[in-house]
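So the chains spell out like this:
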Amino acid sequence: MNAKDKFIQNYSWKILSFLCVVIAYTVGLVMKVPNDAKLNETIRNLYYHVPMWFGMTILLIVSLVYAIKYLSKPTAENDFYSSGFATTGVVYGILGIITGMFWGAYAWGTPWEMKDPKMIGVSIGMILYLAYFVLRGGIADTQQRARISAVYNVFAFPSFIALIYIMPRLAGFSLHPGKEGNPGLNPKDADAQMRIVFYISTVGVTLLGVWITLLQIRIKKILFNLENQQHNI
Amino acid sequence: MQLYKQIFILLNKEWLLEWRQRNTLNGLLLYVACAVFICYLGIGMKLEKISPGIWNALFWIIILFASVNAVSKSFLLERKGLSIYMYTLVRPQAVILSKIIYNALLMLIIALVALIFYSLVLGIPVQNKSAFILTMVLGAVAISSVFTMIAAIAAKAENSFTLMAVLGIPVVIPLFLLVLRLSKNAIDGLSYSVSVQDFAMLIALNAIYVALSVILFPFIGVNH
Amino acid sequence: MIRLQKKSLLTWLLSVIALIQTFAQNSSTEGALRRQGGIYIVIIIIAIILTGLYVFLFLLERKIKRIEKHLNK
């Protein structure tokens, strides 16, 4: 691979992320939105709040994939990837909850509507991943920590999906828009233009999360190598 | 040796161990009795009849916490040398399956005892009895399969007993919510056709968790 | 070392949540936020996302500082 290809591979997706975020965040603020008596201008949060959830789900799925990879091929690198993507996913989830509280304060009148199955599901889902980090903190041996936490990551994932995507649908009601708590968009609320901006925002925010995670993983790798060198000396 | 034979032998061993030192089993039953009595004191004395919703929630919460206590000992209290020796003889799949089956049976016994105590002090407002029993069986399998695997995971970390609840309860909540809803439907006397979707969902989740336990348990490893 | 990171993350979380709570409960600010169709809510949400990402990056930088300490030894 020559230098030019490498440059493109390294930077193209970061530039794409930058462009997507800048375009979606600015266009989202000025673009015309359909009239909605209840939401008014806050319907624009579709470009800021909802991509957090999509990004979180994607990052956590990547974390799961690397956990499975670790179980089939136990290398320190796979563990760094798995735990790193989980960290960023949890940060996105917490940002989603906090932004959702503000939106909820406007649209529903209360920042924390515990009757909403989506809120319940997501907060338990976050507890699930915080428990994952507690588990990691409780095991001293590096390899054992990586293996056991990978097992927990895989084992807890069906519950996470059930909490976020299946329970709200089965509950049959939700304050969130969309058909019966459907995580997808309500076609009445979001017209085609809004959806395009939303997808651009999702791509940008998710790629940004991937970039942050990769930086984190590189730092972990350097620390790991440094500590190994010290042991060898 | 075939898998089912190994499972049978291990089940036999679990039961023998339990039967020889009956104090753990007795303690568990007493725990359930105490919990039911406290519920009675807290609610039943004031209200002549508690609403089915509260009855349902209390019943399953008692069973959930009894199960955390019951299942946590399945990996945490094992003597290490003995278990390592035994696990060289049998397949890991047989170990986890036998533990799940044993814990499910234990859970059913606990649930039945809790139901008996409940009927004594608070009455049983269940209308669709067969649906309630089916829910109890599925719930016992669900809770035991999740907590058995979580106990195996938590046994590898420090302060395992606390970690057991922290790790297990968020995982079990979707199953628990389904069980709560199904048993509420059974109490209200709704027919099977209403809750068939939930039953299918619960069975599917059960199958996923048992399969995941069997696949993932060999990775945990028994040697410390 | 891992303990330290977790503690800092936790304090960050708690402080952000406390801040949000005070914001959300203050009725006079809420009244102001409701004006002009709630566009200020949107702006606050953008600010929260940016703040969250920046705080996360600061935490990353602290890890790099640890590496630098390692190298200086």
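Residues numbered from 1 in each chain as written. Chains lettered and ligands numbered in written order. Predicted model: local features only at pLDDT ≥ 70, side-chain atom pairs only at ≥ 80, totals over all residues. Heavy atoms only, no water.

## Overview of the packing of aromatic side chains
For clarity, the threshold we go by: Stacked, tilted and edge-to-face are the three classes assigned to paired rings of Phe, Tyr and Trp, where Trp is represented by its six-membered ring and a pair needs centres within 6.5 Å; plane angles under 30 degrees give stacked, over 60 edge-to-face, the rest tilted. Runs of H or I in DSSP of at least four residues are treated as helices and runs of E of at least two as strands, each being numbered from the N terminus. Each residue's exposure class comes from its accessible area (1.4 Å probe, protein chains only) as a fraction of the maximum for that residue type: buried when under 20%, exposed when over 50%, partly exposed otherwise.
Applying the stated criterion to the full structure yields 22 aromatic pairs over all chains. With centroids separated by 6.0 Å and ring planes inclined at 40 degrees, the aromatic side chains of Phe37(B) and Tyr40(B) adopt a geometry described as tilted. Of the two residues, Phe37(B) and Tyr40(B) are both situated in helix α2 (residues 23-44); the distance of 3 residues between them amounts to about one turn of the helix. Judged by its relative accessible area of 45%, Phe37(B) is partly exposed. Three or more aromatic residues joined by ring pairs form one cluster here, namely Tyr129(A), Tyr132(A), Phe133(A), Phe157(A) and Phe160(A).

## Quick notes on the interface of chain A and chain C
What counts here: Should any heavy atoms of two residues lie within 4.5 Å, those residues are considered in contact. Accessible area that two parts lose when put together, with a 1.4 Å probe and added across both, is what the buried area reports. Definition used for salt bridges: Asp or Glu carboxyl oxygen within 4 Å of a side-chain nitrogen of Lys or Arg. Pairing of N or O atoms within 3.5 Å defines a polar contact, subject to two protein rules: one partner must be a possible hydrogen donor and the other a possible acceptor, and residues neighboring in sequence count only if both atoms are side-chain atoms.
Between chain A and chain C, the contact holds 38 residues from the first and 33 residues from the second. Taking both sides of the interface into account, the surface hidden between chain A and chain C amounts to around 3,400 Å²; carbon and sulfur atoms contribute 82%. In this structure, the connection of chain A to chain C is made through 0 salt bridges. Counting across the chain A and chain C interface gives 0 residue pairs in polar contact (both at pLDDT 80 or more).

## Quick notes on the nonpolar core
Test applied: What makes a nonpolar core is a set of buried Ala, Val, Leu, Ile, Met, Phe, Trp, Tyr and Cys residues whose side-chain atoms join them at distances within 4.5 Å.
Of all hydrophobic cores here, the largest spans 157 residues; its most connected members are Tyr152(A), Trp55(B) and Phe59(B). The element contributing the most residues to this core is helix α3 (residues 76-107) of chain A, with 16 residues. Once you skip the residues sitting within four places of it in the chain, Trp55(B) turns out to touch Ile50(B), Leu115(B), Tyr118(B), Leu122(B), Gly123(B), Ile124(B), Pro125(B), Val126(B), Phe132(B) and Ile187(B).

## Here we look at the side chain of Ser144(B)
Residue and element names in this part refer to chain B. Mapped onto the elements, Ser 144 comes out in helix α6 (residues 129-154). On the basis of relative accessibility, which here comes to 0%, the residue Ser 144 falls in the buried class. With residues up to four places along the chain from it excluded, the contact list for Ser 144 reads Ile 100, Asn 103, Ala 104 and Met 107.

## Structural notes on the interface of chain B and chain A
Contacts between the two partners involve 28 residues from chain B and, on the opposite side, 26 residues from chain A. Around 2,500 Å² of area is buried between chain B and chain A when both sides are counted, 78% of it from carbon and sulfur atoms. Of all residues in chain B, Ile153(B), Pro170(B) and Phe219(B) give up the largest surface area on contact with chain A, accounting jointly for 20% of the area buried on that side. Summed over the shared surface of chain B and chain A, the result is 0 salt bridges. On the surface where chain B and chain A come into contact, there are 5 residue pairs in polar contact (both at pLDDT 80 or more). Of all the secondary-structure elements, those providing two or more residues to the side of chain B that touches chain A are α6, α7 (160-187) and α8 (192-220) of chain B.

## As for the packing of helix α5 (residues 92-121) of chain B against α8(B)
Residue and element names in this part refer to chain B. Filter applied, for reference: Fitting a line to C-alpha atoms yields each axis, with helices limited to the stretch in contact; the angle taken between N-to-C directions then spans 0 to 180 degrees. Angles are sorted into four bins: roughly parallel if under 35 degrees, roughly antiparallel if over 145, roughly perpendicular if 65 to 115, and oblique for all others. By definition, any crossing whose near helix is turned counterclockwise from its far helix by less than a right angle is left-handed, and any crossing with a clockwise turn is right-handed. The classification used treats Ala, Val, Leu, Ile, Met, Phe, Trp, Tyr, Cys and Pro as nonpolar, Asp, Glu, Lys and Arg as charged, and all other residues, Gly among them, as polar.
It is at 8 Å that the axes of α5 and α8 come closest, and there the two elements cross at 140 degrees. Classified by the interaxial angle, the pair formed by α5 and α8 is oblique. Of the two possible hands of crossing, α5 and α8 adopt the one that is right-handed. Across from Pro 92, Gln 93, Val 95, Ile 96, Leu 97 and Ile 100 in α5, the residues of α8 making contact are Val 210, Ser 213, Val 214, Phe 217 and Pro 218. Split by residue class, the contact of α5 with α8 holds 9 nonpolar, 2 polar and no charged.

## Overview of the environment of Asp198(B)
Inspection of the secondary structure assignment puts Asp198(B) in helix α8. Linking Asp198(B) and Val179(B), residues 19 residues apart in sequence, is a C-alpha distance of 8.5 Å.

## Structural notes on the pattern of salt bridges
Counted according to the given criterion, the structure contains 6 salt bridges over all chains. Across the pair Glu77(A) and Lys221(A) runs a salt bridge whose closest N-O atoms are separated by 3.8 Å. Residue Glu77(A) is found in helix α3, and its partner Lys221(A) is found in helix α6 (residues 192-232); the two are separated by 144 residues along the sequence. Here Lys221(A) falls in the partly exposed class, since its relative accessible area comes to 26%. For Lys13(B), the salt bridge is made with Glu14(B), and the minimal N-O distance between the two is 3.6 Å. One salt-bridge network, in which partners are shared between bridges, spans Lys13(B), Glu14(B) and Lys99(B).

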